Structures are given as structure tokens and as C-alpha cells.
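For reference, the chains in residue letters:
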Amino acid sequence: MENATLFDQSYVKGTIIRILFQNNDNFYTVLKAEVIDTNEDFDDEVTVTGFLPQIAEGDTYTFTGKIILHAKYGKQLQAEKFEKDLPQSKDGIIHYLSSDLFKGVGKKTARTIVEILGEDALNIILDDKSSLDQIPKLSQDKKDLIYNTINENQAIEKVMIQLNDWGFGPQLAMKIYQFYKDDTIRVIKESPYQLVMDIEGIGFNKADELARHIGIDNNHPERLKAALVYGMEQASLQNGHTYIPDQILLETSFNLLTKNGSEVNPDALVNALTELCEEKKLLVEHEKNIYIPSLFYSETKTVQILHRLMNHQEQLKQFEQSEIMLAIGEIEQLFEVSYAEKQKEALMQAMHSKLMILSGGPGTGKTTVVRGIVTLYAELHGLSLDYNDYDGQDFPIVVAAPTGRASKRLYESTGLEATTIHRLIGWTRDNKPDDILENEITAKLIIIDEMSMVDTWLMFQLMKAVPNDAQIIFVGDQDQLPSVGPGQVFKDLIESQIIPQIELNEVYRQQEGSSIVELAHQIKRNEPFDITKRYSDRSFIPCQTDQIPEVIEKIVTSAVNKGYDMRDIQVLAPIYRGNAGIRALNKVLQKILNPPEDKKREMEFGDVVFRNHDKVLQLVNRPEDGVFNGDIGEIVGIFKAAENALNKDVVIVDYDGNEVTYTKADLIEITHAYCCSIHKAQGSEFPIVIMPVVHQYFRMLQKNILYTGLTRAKQSLIFCGDVNAFNDGIKRLGNARFTSFYQFLMDYFSTDDQKDIVKNDSDTDENKENEVFKKLPFQVGEMTEENMHLVSPMINMGDISPYDYV
DNA sequence: CTTCTCCG
């Protein structure tokens, strides 16, 4: 989005010739217009795209937005604002009012209207219908007709313009309009806070600003509720909690409500929370834990499904131990590997577990074992792993992961058609997290990799799609970065120990005696270590923050002199901004590793220059080209439009032999990769990793981030910066997440009564199950007069933080 | 302060 400001605002005034495409759900429109006026060099015709209302061919509009280069269709205007040209002149209005749109209104009446109401007649009528009373000899029918017709033609646009004035962008404005339709302006004026509840992407602050403008009371229940709901959403979406204790919610909401100096009554806030729970907009459990309902349902329902699946254990085909061992031996020969004891144990376990967890840090051989499991399963069940042999029949094994890139790696390691979990279960853009998706997975063996990245909603949706007769294996590393979405599903699942689990903890990837591995283990086990101690494969170069670029330059130069090339060297930093941030370092590194030369081609995009042989990082999934978010490649060609068949400026990027073509507009999808974020590097490894660590990164200096970064190094690890920043960071656990999945698992799997409920539940059909989903699977404490005292008013809450509760 | 998926 930041790039948007790099482009000047462009406008086109034009008459619509043809509407090429319009999506009726969101009004995404592509149209051709004849140019009347523009500040761009469009010829007589222009293609305009945007979220536009039902606009008619023949109408004249002024579109404002930015010029983009579409891969297929070339230069077009992406409209952010649009305005219909109302007839401006008296003649224009007369012509308009006497047109076919206004049946029964003749030239004479039209002229009278303009004479009396003036050039602004149309707007005057729209603002106040009774202004037509001034027109003599006009029947009520005609007044209605004139008003309604102008209104229908203008309603959406007026709403959009008003929303625009209030500061909403075009897509958001259309989303708001879609929700409230003609009531938009009324609803917002009456209760702008409704936006926080109804429209994703509108926060409390935005609504509050609007509300102050309109003059809504500081203690208005809607205001208080909005702050509470927003506080909940922040807690879940920003901090990853699936619930928060009421006191924390009350405190954060109170701070939010009063930060602009307005006074808020704490009792009123507590009442607002009670009401929200009564209205089921929020849930309260254990009389103090507050949930967004969909997260509560996801956690509880996932527990039930896991339990139900465990109860279908008997459907698994059992094999003799000797038979499995024999097959494992064959596979060892086939792949020319020799499995360690723990790995063999994992293979055995996988053959007779309904549900199983396979965990382990980087380099412990999870991939090897997964490949082994697939082959062993096929061998024992006498199945072919060739898709051609199935011809329309369901393939018995499915492998999936939460990200596109992880699924690509799964494909590479297993040879199976791996997908993202979302694709597997049919989760599309339009689905909300608690929608009930109908897709059922048809495979008998389901393997999910990178489980640490699965959040609470995705876990529920996934489990919902698992059939009773399937086996499922969860694979992952609980020490990696937590899921983006709420929860810590994998960690909770492991800690509950309700599922058989094998942890691989021997490292095969790095050589024995590697001090990098040793460091990783020490960090993992909270053992003391000296980060400044020099080893052959690891060191820490102390320096100031502003020396970072210079120090990195020295390290890289010396590595290059030793014969390493840029693909071997990866600089990892946690943040983009600042003089030691990713962006700044990329500029420095490009200069060293790929300096400009006379004949070396370049293409500018925004404030970066892409140069032939640049190392680049893909930022979004492009499954059709086999490139995924996080893939690193090298620019191998830059061509001008005149030089190629596409007739467009293009950049060619090579991803390990897979060459992908980017038009100029596509360049938004890539960035320089000399330095990349630690988050993006998760799942990759590099011979040499250089990690600057300085206080500037303060917020991001946390144990699992540092751990993830340093474990990317295969041969050599070089830190630079502030030793204290590292040592402080390694002690910080990031924000601990409040989740109840673990507790629900423990409760549910230990009580016989509940097991009975689940058995009955599993016998019922889908509809019944959906019914159960709507009800509360656990007894939920509602806030009543009797237990109100348990929700403490906001006394002495100044110093409470989530850390006090964990 | 960073991170994911979904395709109109």
C-alpha cells in the first residue's frame, strides 16, 4: 500500500462506452470510457477499474485514481474516487428532467423547475423533497416520480461521496454500502460505532472520530460496547489470544475510551460488557474469561471432533510389527537411507495411530520421516502412489500445509500433490472463520505439515473436514514462530498429551559438534551460554547501530572474497524500518553484491531499482507459476517492450530453474532479498547467516524470533550489534497467548460423562452436528445479577498486564 | 513490530 503514494493522482473524465465486467457481489467493475478530459496521455479510449456502483453506459463520470499496468490489458486507470457529472447547465438539467427517465415530465415543467430552484435544482430536490412544493401545478405523483428517480440515480453515488468525505477508501466504502445499502448514511449518523461491529477493517478509533464529529455522548452504550468489541478483536487478531480475562478487557477498553480525554463511567462499561454477553456478541466462560464467540466454538468443537475421531480407532487396519519392520527395511534400501531408532518409532506409530503428532526442530529429519510414512503406508496397504492409476477415484493420501510455500516443499519431499489447507477444505475469500464449510476430505491418510502455523479457526475448519475413517498426522516444530491468527493450537495439543506423539530431537542436518546446533539447544532448554564466545562456525561482532551497514558490508565482502556467492549469504533482520532495518540493508547489500555496471540492465519501481542478477523475494502466492510467498530467486533478464513478444516491459526471475515473467505492474509482488525478515525466512536455510541484533529492533527481539533466525544457518552464523540486546531478547517470550484449547482438551478427555455426549454426537447426522455447533458445547457462565460481583469494577487496575496472569 | 490464507 505504501507504494500508492509514489504515484501521482490521475483523473479521467469520460463517457462510459461499455461495461466489460461487473461483479454483482462487490461491484468490482471494468469499463471502457471515451475520454473527455484527463491529465494522462490516454488516447480517446480508456479502461477504468474499481469498485463502482451500477453505472450506466452513456453516463459521464470523473474518475480519480492511479495508473496501473495490467499484465494482459496494458495501461488502465484504477479508480479510487468517482463522481457522476450531474447536468450542470440549465439546459442540461432541463434536458435531463424532460428525458425518458421522467415519464410525463415535459420541457415546460422542467424549465419551470430550473427557473424556480436554479442551477442547483437537482441537489436541492435531493436534499429536500418538499422543495418541489414550490413548483406550481405539480401533482404529488410527479413530485414522487421526480424525487425518486433522481434519488435512485444518485443514491449510491451520494453515499459513496459522503463516505469518501468521511475518509473511507473506495473498497471500504463499497463494503459499507453493501452492508447497509440505502440506510448507510442514516445508520452511520445514528450510530457510527455500528461500523466497528459490522464492518471488518473499521476500528474503534475511526468510528470514534466520526462519532465525536456527530456529537455522541462519551458514555453512550454503543460507544462503550464498540470499545469492548474492538478490544476483544485487538486481543485476538493482534495478540493471538483466544480469550482474555474480563479485567484486562475492561482495562484496555477503558484506556481506549479515555485516551482522548473523555470521561467514562466504569460501571457503565461493566454494564456494556454484560449486555454484550447477553446479546451473545461476546461470550463469558468461567465467569471471567471473555471470548469472541467463533473462537470459543472453534476451540470447543475441535476438542469434540478430536475425541470423536479417537473413538473411531477400530476402523484402522492393524499390521504385525514384523510386517512393518520388514517394509521399513525395504524403504531404507529404496531411498538409500538408514532411519534412526526414533525415526523408526515414528514410522511404526504412524501406521497404527488414528491421530499422531510428529514434532522436532530444524534438521531433525521430519521431512525424511514424512516421506517414509507416505511410502510405508502405500506399501502396507498395497496402494499405488501414481495419480494416473486412480482415474477419477479418490487418491488415498493427502498432504497439506498452512502456507503455499510449505505445501510446495511438501510436494517436493513427498512427490504428492500438496495443497494449502485452505484449498483442501475449500476456504475462500468470502468465508468467515466460523462459516460451516461443507467439503469433506476424501483421503484415508491426512498429513498436515508446519502445524505451528495453524491457528484456532483453521484447525477447527480442518478438523471439521476430516472423515471418521481417516488417519491424521500433525507435523511441526513448536519452537518456531506462532501462528499469525489466534491461538497456539500445536503447542496446546502437544502439552495436553492426548494424542500419541513422537519428538525427533537428534540433529542430522548440521555436522556433529556444530556450535550453532549447540546454541539452538541451549536456547531451547533455557541453559546458559556465552554468545560472545568465538567458534569456527559462529561469532558475534559488537558494534553500534549506525555501524551495522558498514560491518555487514565488511562481513559480506570477506565472504565473497572467500568464494561464496550471494545465494549462500543471507542477512536476516526482524524489521523493515530504520537505518539497520531490512530496507536500508538491502540498499547497502545490493551495492556490494550487485553493483551497477555499464551494460547491466535495470528497471525502476517505486523507490527501488531492480537490476539484472538481483536476488529477489516473492511476497504473495502465484500457484499458477509455481512460485510462493517467501520463495527466493534471481533476476535473469530485463527486457523492454520493443524487445519481446509480449510487447511489455518485463523482468524475468529464475527460481531454481523455474523462470517466471513479471510485467512492471507485477513488480509489486517482489522485493530485494539480500536481507529479509526472519519471519519470511522461516522454512528456509542458508550456508551463511548474518544476523544484526540491535536495540532498534526492541519489540521484535524475542526468543522464538531469534531462535528461528539463528537456526536458519547451516555452516556459519555471524551476529553483529549489541550483545545486551541479544541477551535481553532471548529472555523475552513475546506476548504469551491466552488460550483455553489445552484446558478444554484436558477436561473433555478426562470426564466420562462428556465422552458419552460425544458418542451420541458422533452418531448423529451432519445437520444435528451443526445444531450442536450453534449451541454451547460447554456450560457457559452467563453474567447474571448473582455473579455480577465477580466482574470487578475498574478499581486498582492500573498495573495489570497479561503477564500477570501467565 | 511482524506474519497467513482465500480469487473477483
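In this text the structure is predicted, and so the values were computed from the model without any measurement.

Quick notes on the UniProt feature "binding site: ATP" (unreviewed entry) in chain A
Link 1 in the chain: Mapped onto the present numbering, the UniProt feature "binding site: ATP" (unreviewed entry) falls at Gly363, Thr364, Gly365, Lys366 and Thr367. The annotated residues that sit in the lining of the second largest pocket are Gly363, Thr364, Gly365, Lys366 and Thr367.
Link 2 in the chain: Mapped onto the elements of the fold, threonine 364 is located in the loop between strand S9 (355-360) and helix H15 (366-381).
Link 3 in the chain: In this structure the side chain of threonine 364 is engaged in a polar contact, spanning 2.7 Å, whose partner is the backbone oxygen of glycine 361.

Observations regarding the sheet that holds strand S8 (residues 289-291)
Link 1 in the chain: Taken together, the three strands give an open sheet; going across it, the order is S6-S8-S7, and neighbouring strands pair in antiparallel fashion. Both edges of this open sheet fall to strand S6 (243-245) and strand S7 (283-285), since each of them pairs with a single strand only. Each neighbouring strand pair of the sheet contributes to a mean axis angle of 30°, computed without reference to strand direction.
Link 2 in the chain: Where S6 and S8 come together, three bridges link them in antiparallel fashion. Residue pairing across strands places tyrosine 243 opposite tyrosine 291, the latter belonging to S8.

A word on the packing of aromatic side chains
Link 1 in the chain: Under the definition given, this model contains 15 aromatic pairs.
Link 2 in the chain: Residues tyrosine 243 and tyrosine 291 carry aromatic rings whose centres are separated by 5.4 Å and whose planes lie at 35° to one another, so their mutual orientation is tilted. Remark: tyrosine 291 occurs in strand S8 and tyrosine 243 occurs in strand S6; sequence separation between them is 48 residues.
Link 3 in the chain: Of the residues examined, tyrosine 291 reaches a relative accessible area of 0% and is grouped as buried.
Link 4 in the chain: Measuring from centroid to centroid gives 6.4 Å for phenylalanine 296 and tyrosine 297, while their planes differ by 70°, and the two rings are edge-to-face.
Link 5 in the chain: Members of the aromatic cluster, each reached through a chain of ring pairs, are Tyr243, Tyr291, Phe296, Tyr297, Phe738 and Phe744.
Link 6 in the chain: Residue placement shows lysine 75 over the ring face of phenylalanine 42; its charged tip is 5.1 Å from the ring centre.

Digging into the sheet that holds strand S19 (residues 615-618)
Link 1 in the chain: Taken together, five strands build an open sheet; the order of strands is S22-S21-S20-S19-S23 and the sheet is antiparallel. Two strands in the sheet have a free side with no partner beyond their single neighbour: strand S22 (658-663) and strand S23 (670-672). Pairwise comparison of adjacent strand axes, ignoring direction, gives a mean angle of 40° for this sheet.
Link 2 in the chain: In this structure, strand S21 (residues 650-655) lies alongside S22, joined through six bridges in antiparallel fashion. Pairing of tyrosine 655 across the sheet is with asparagine 658, part of S22.

Brief notes about empty space enclosed by the protein
Over the atoms rolls a probe the size of a water molecule, and in doing so it shows where empty space is left.
Link 1 in the chain: Per the stated rule, a full pass over the model turns up two cavities of 30 Å³ or more.
Link 2 in the chain: In this model, the second largest cavity occupies a volume close to 30 Å³.
Link 3 in the chain: For the second largest cavity, the full set of lining residues is Tyr576, Ile582, Asn586, Leu617, Thr671, His672, Cys675, Cys676 and Ser677.
Link 4 in the chain: At the level of secondary structure, the elements contributing two or more residues to the lining of the second largest cavity comprise helix H22 (582-593), S23 and strand S24 (675-677).
Link 5 in the chain: Here the element with the most residues in the lining of the second largest cavity is S24; it accounts for three residues.

Digging into the nonpolar core
Link 1 in the chain: By size, the foremost hydrophobic cluster in this structure holds 78 residues, and its most contacted members are Leu306, Ile441, Ile448, Met463, Phe474 and Leu493.
Link 2 in the chain: It is helix H9 (residues 221-238) that contributes the most residues to this core, eight residues altogether.
Link 3 in the chain: Counting the residues that make up this core, at least three belong to each of domain 2 (202-291) and domain 3 (314-504).
Link 4 in the chain: Each residue touching isoleucine 448, except ones within four places of it in the same chain, is listed here: Ala400, Ile421, Leu462, Ile472, Ile473, Phe474 and Val475.

Some remarks on the packing of H9 against helix H10 (residues 246-258)
Link 1 in the chain: Contact geometry for H9 and H10: axes closest at 9 Å, N-to-C directions at 120°. The orientation of H9 relative to H10 falls into the category oblique. Crossing angle aside, the handedness with which H9 passes H10 is right-handed. Taking contact as the criterion, the partners of Arg223, Leu224, Ala227, Leu228, Tyr230, Gly231 and Met232 in H9 are, on H10, Leu249, Leu250, Ser253, Leu256 and Leu257.
Link 2 in the chain: A per-class count over the contact of H9 with H10 returns nine nonpolar, two polar and one charged.

Here we look at the layout of surface pockets
Link 1 in the chain: Quantified by volume, the second largest pocket comes out at close to 1,300 Å³.
Link 2 in the chain: Mapped by element, the contributors of at least two residues to the lining of the second largest pocket are H15, helix H16 (404-414), strand S20 (632-639), S21 and strand S25 (686-693).
Link 3 in the chain: With seven residues, the top contributor of residues to the lining of the second largest pocket is H16.
Link 4 in the chain: Composition of the lining of the second largest pocket by domain shows at least three residues from each of domain 3 (314-504) and domain 4 (527-731).

With respect to the pattern of salt bridges
Two side chains of opposite charge can pair, provided their charged atoms sit close to one another.
Link 1 in the chain: Tallying each qualifying case throughout the model produces 26 salt bridges.
Link 2 in the chain: In this structure, the salt-bridge partner of aspartate 208 is arginine 223, at a minimum N-O distance of 2.8 Å. Taken together, the residues span a long stretch of sequence, with aspartate 208 in helix H8 (residues 204-214) and arginine 223 in helix H9 at a distance of 15 residues. Note on accessibility: aspartate 208 and arginine 223 belong to one class, buried.
Link 3 in the chain: Across the pair glutamate 669 and arginine 622 runs a salt bridge whose closest N-O atoms are separated by 2.7 Å. Of this pair, glutamate 669 sits in the loop between S22 and S23 while arginine 622 sits in the loop between S19 and S20, and the two are 47 residues apart along the sequence.

Thoughts on unusual backbone geometry
Link 1 in the chain: Of note in the backbone geometry, asparagine 526 takes a positive phi value of approximately 55° without being a glycine.
Link 2 in the chain: Along the chain, asparagine 526 turns up in the loop between helix H20 (515-524) and strand S15 (538-542).
Link 3 in the chain: Using a relative accessible area of 61% as the deciding quantity, one classes asparagine 526 as exposed.
Link 4 in the chain: Phi is positive for aspartate 656, which is not a glycine, with a value near 45°.

Rules used throughout
Residues numbered from 1 in each chain as written. Chains lettered and ligands numbered in written order. Predicted model: local features only at pLDDT ≥ 70, side-chain atom pairs only at ≥ 80, totals over all residues. Heavy atoms only, no water. UniProt positions renumbered as here; feature names shortened; annotations may be inferred. 1 Å grid on protein atoms, 1.4 Å probe; cavity = no way out; pocket = protein on both sides within 12 Å on 5 of 7 lines; lining within 4 Å. Helix = DSSP H or I, 4+ residues; strand = E, 2+ residues; numbered from the N terminus. Polar contact = N/O pair within 3.5 Å; in protein donor to acceptor, adjacent residues only side chain to side chain. Pairing = 2+ DSSP bridges. Axes fitted to C-alpha atoms, helices over the stretch in contact; angles between N-to-C directions. Phe/Tyr/Trp six-rings, centres within 6.5 Å; stacked < 30°, edge-to-face > 60°. Buried < 20%, exposed > 50% of the residue type's maximum accessible area, 1.4 Å probe, protein only. Lys NZ or Arg CZ within 6 Å of the ring centre and 35° of its normal. Points joined across faces, edges and corners; volume = space filled by probe spheres on them. Core = buried A, V, L, I, M, F, W, Y, C linked by side-chain atoms within 4.5 Å. Domains from an automatic or database assignment. Contact = heavy atoms within 4.5 Å. Parallel < 35°, antiparallel > 145°, perpendicular 65-115°, else oblique. Left-handed = near helix turned anticlockwise from the far one by under 90°. Nonpolar A, V, L, I, M, F, W, Y, C, P; charged D, E, K, R; others polar. Salt bridge = Lys/Arg side-chain N within 4 Å of Asp/Glu carboxyl O.

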